[in-house]
Each structure stands twice: as C-alpha cells, then as structure tokens.
Amino acid sequence: MTLNAFKNGVTILNEDNLNAPWEMQNSILIYEGSAVDTKTGIGTTENNTNEYYHAIRITATGVTTITRIELEIAADGNGADLEVEIMDNDFNPDGSDDGIWLDGVVVPKEFLPVTAAIWYVPLYIEGLTSGNNYWLIIKRSGDSTNHFHLIGESSQDASHPVYKRIGTTGAWTASNAIHFTIYNGENADDNLIHSIIGDNLYKTYKWDGDDLDEVYQYEPPSDGSAGGIRKKKTITYSGDNVIKGVVT
C-alpha cells in the first residue's frame, strides 16, 4: 500500500486516506549485507548533478536481488533531492534505448551530507538476472547554488562505465568513474540499515559501532516527491540504554 503524507490543498480527507497509516502494512527490513559490485578509490572529482543526468553501470554478480546502494555525496547550499532509478540491461548509452524502469527512490536533500561522505539508498529489487548489467540513473536536480555532487575519480573505468547527458533524451557522453557500492543480503547479525513500510515510507538507520545513532524517515505526499515527511531522530544513551530520541 502507498502511504502518503498529508499536504494542504491536495490530500482528500476520506476513510481510505485517513485509515491507511494506521493499518498493518507490508514491510521490508534491509541489513548491511555483502558488496556485490563496487567502484571505490581515493579520487575527489565532483560531478555536479544540477548540470547532468548520470548513468552508472552496475553488475548483479552472483545475485538476483539488490537490497541497497551506497553513493559518495557532498551537498552545496541547501542541497537537492537525490532521485535514483535503476534500469534494465536494455539501456544503451547511444540514446537508442533508455531501458525498462525497474525501481526508483528519492532521498531528501535534508539528509545528504555537506562534507563528502557515503550515503545509503534503499533500493530493494528482486528478480534480477545474475551476471547481467543494470544501470543506476541519478536524475538531474537542483540549481547552480543548491545541488549535490557525486564523488568519483578523474578518469573512466571500463569495468564501471559512467555516462552523462543534459536532457532526458538523446545520446549520453562518456564520463569519469563515480564511487558506488551495491549490496545484497539480509543477515540479521548485521546492523539494520533501512526499513520500507508499505510501498513508499523509507527509514534509514545510522550506527556508531553497535549503537543506533540516528534514524531518518521520508514519506512523500500523494502528488509527487516534494515536501512530505522528512525527519531525523537523534538517539541519546545513558550507558547502554536508550533514554531519548529527539526529532528534528
């Protein structure tokens, strides 16, 4: 079930909408898992997402399910929402085929780090073909003042090619490598990283060692991704016991 936040002038106050948040919902718990595909490095090249869409090729090596993604990000100004989509292997960077959309998620601008750091993206996708290539599309967003950067290397990586384009159609241009890691796994011995409640209420859990440090929640309104519930809860401990959670 789709769970939407209320929004002035948009939300219809009826039984279905008002009862939905209180009903029992389907849910997915995503743990740390194991890396399936990754591109890392010491590079600090910044790829500005208000200028281009970016396409990153990933490979589902030995798995049919991807449970989450990590990207290295640095926000400028007030940032901009991170919109990630994953397309099937029909995608062709020559612009002849944008592929079939498999899934997508929004990470609110309020959550993105100002200083370059790894951020978690809850993209849980089943039914992939082991060994096939897929494509992460990072949508163009923000403006010249408020945007974010995808951090990567200063040169291409043939094993993890990246392409960019200005618009939503046409050929893509080869670009430098961008840091990412794709994960698979649901080992409950690991830390819980995300939960997905219903179809579109996302929570992200940040840890300090074995201690839960912060919880982030995003729930969009019914008319798009802008606005909605974008909250962070900071956890306080007394010894080993959680005593308080402060929401901002």
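Look up: the structure comes first, before these words.
Given the structure is predicted, the values throughout are model-derived calculations rather than measurements. (Residues numbered from 1 in each chain as written. Predicted model: local features only at pLDDT ≥ 70, side-chain atom pairs only at ≥ 80, totals over all residues. Heavy atoms only, no water.)

A.B. asks: Is there a simple way to explain the sheet that holds strand β7 (residues 101-107) in this structure?
C.D. replies: Sheet strands pair by backbone hydrogen bonding; their relative direction is either parallel or antiparallel. The strand order across the open sheet formed by 6 strands is β7-β6-β9-β4-β11-β12, and the pairing between neighbours is antiparallel. The open sheet has two edge strands, β7 and β12 (173-175), and neither has a second partner. Averaged over all pairs of adjacent strands, the angle between their axes in this sheet comes to 25 degrees, without regard to strand direction. Bridge count for strand β6 (residues 82-87) against strand β9 (residues 133-138) is 4 bridges, and the pairing is antiparallel. Within β9, the position partnered with M87 by the bridge is W135. (Pairing = 2+ DSSP bridges. Helix = DSSP H or I, 4+ residues; strand = E, 2+ residues; numbered from the N terminus. Axes fitted to C-alpha atoms, helices over the stretch in contact; angles between N-to-C directions.)

A.B. asks: Any chance you could explain the packing of aromatic side chains here in plain terms?
C.D. replies: Each aromatic ring pair is specified by the distance between its two centres and by the angle formed by the two planes. By the definition in use, this model includes 6 aromatic pairs. Judged by centre distance (6.4 Å) and plane angle (25 degrees), the rings of W119 and Y120 are stacked. Judged by relative accessible area, W119 falls into the buried class, the value being 5%. Centre to centre, the rings of W119 and Y216 are 5.1 Å apart; their planes meet at 90 degrees, and the pair counts as edge-to-face. Here W119 is found in strand β8 (residues 117-121), whereas its partner Y216 is found in strand β16 (residues 211-219), with 97 residues between them in sequence. Classification of Y216 as buried rests on a relative accessible area of 7%. These aromatic residues form a ring-pair network of at least three members: F91, W135, Y163 and W172. Residue placement shows R68 over the ring face of Y183; its charged tip is 3.8 Å from the ring centre. (Phe/Tyr/Trp six-rings, centres within 6.5 Å; stacked < 30°, edge-to-face > 60°. Buried < 20%, exposed > 50% of the residue type's maximum accessible area, 1.4 Å probe, protein only. Lys NZ or Arg CZ within 6 Å of the ring centre and 35° of its normal.)

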